[in-house]
Amino acid sequence: VIAVMQTTDGGEFRELCAARGITVTHQRQVLFELLLSVPGHPSPEEVYLRVKQQIPSISLATVYKNIHLFLRSGIFREVSLHHGSLRLELNQRPHHHLVCTVCKSIRDIDEAELKLAAIPGQLPGGFLAERFSIDILGRCAACQQKT
Ligand SMILES: [Zn+2]
Ligand SMILES: [Zn+2]
């Protein structure tokens, strides 16, 4: 599977913001573009350290505020809470998570790799399924080798 990384000249971000009633600022634009380029599931602190290299004057509070704005508006998603702190989901493809309960690492696993049966679109109570994501809890290879 080839991961397609979108390149943006800023137009895409402006459209996303316009559709959600968010004001476009230089800081938000830089943060958005940075998030598109970061692999995995970074914490806000990790994002802050990266964005600070481009905007030295930015504060951690501002990064938090804008990350929460992006999450609320659905521009980015949050990974589930098994690791106990906020982590951003930057993989846009359907996938599940292998969560290590020892070192709290989270690894993406493609739907195809898990070979799960598809869930029916219509579930009990009239619930309409749109997407699903499974967290598989356990110990990663590195943690299994530690005694
Ligand atoms: Zn581990
Ligand atoms: Zn993920």
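For the structure given in this document, a descriptive report is provided here. (Residues numbered from 1 in each chain as written. Chains lettered and ligands numbered in written order. Predicted model: local features only at pLDDT ≥ 70, side-chain atom pairs only at ≥ 80, totals over all residues. Heavy atoms only, no water.)

Note on placement: His41 falls in the loop between α2 (26–37) and α3 (44–54). Side-chain polar atoms of His41 contact the side chain of Asp108, separated by 2.7 Å. Once residues lying within four places of it in the same chain are set aside, the contact partners of His41 are Glu46, Val79, Arg87, Leu88, Glu89, His95, His97, Ile106 and Asp108. (Helix = DSSP H or I, 4+ residues; strand = E, 2+ residues; numbered from the N terminus. Polar contact = N/O pair within 3.5 Å; in protein donor to acceptor, adjacent residues only side chain to side chain. Contact = heavy atoms within 4.5 Å.)

A few words on the coordination of the zinc ion (ligand 1). Within the protein, the zinc ion (ligand 1) binds to Cys100 (SG), Cys103 (SG), Cys140 (SG) and Cys143 (SG); these donor distances fall in the range 2.2 to 2.3 Å. The site at the zinc ion (ligand 1) holds 4 donor atoms, and with the angles between them running 104 to 116°, its shape is tetrahedral. One chain supplies every donor for the zinc ion (ligand 1), spaced along it as C-x2-C-x36-C-x2-C. Linking Cys100 in strand β3 (residues 95–100) with Cys140 in the loop between β7 (135–138) and α6 (141–145), this pair joins segments that are 40 residues apart in sequence. The exposure class assigned to Cys100 is buried, which follows from its relative accessible area of 2%. (Donors = N, O, S within 2.8 Å, 3.2 Å for Na, K, Ca; no water. Tetrahedral: all angles 85-135°; square planar, octahedral: opposite > 155°, others 65-115°. Buried < 20%, exposed > 50% of the residue type's maximum accessible area, 1.4 Å probe, protein only.)

Bringing the sheet that holds strand β4 (residues 106–110) into the picture now. Across the sheet, 3 strands lie side by side as β4-β3-β7; this open sheet has mixed pairing. In the strand order of this sheet, the two ends are held by β4 and β7, each with one partner. Between one strand and the next, the sheet's axes are offset by a mean angle of 25°, whatever the strand orientation. Across 4 bridges, β3 lies against β7 in parallel orientation. Note that in β7 the partner of His97 across the bridge is Asp135. (Pairing = 2+ DSSP bridges. Axes fitted to C-alpha atoms, helices over the stretch in contact; angles between N-to-C directions.)

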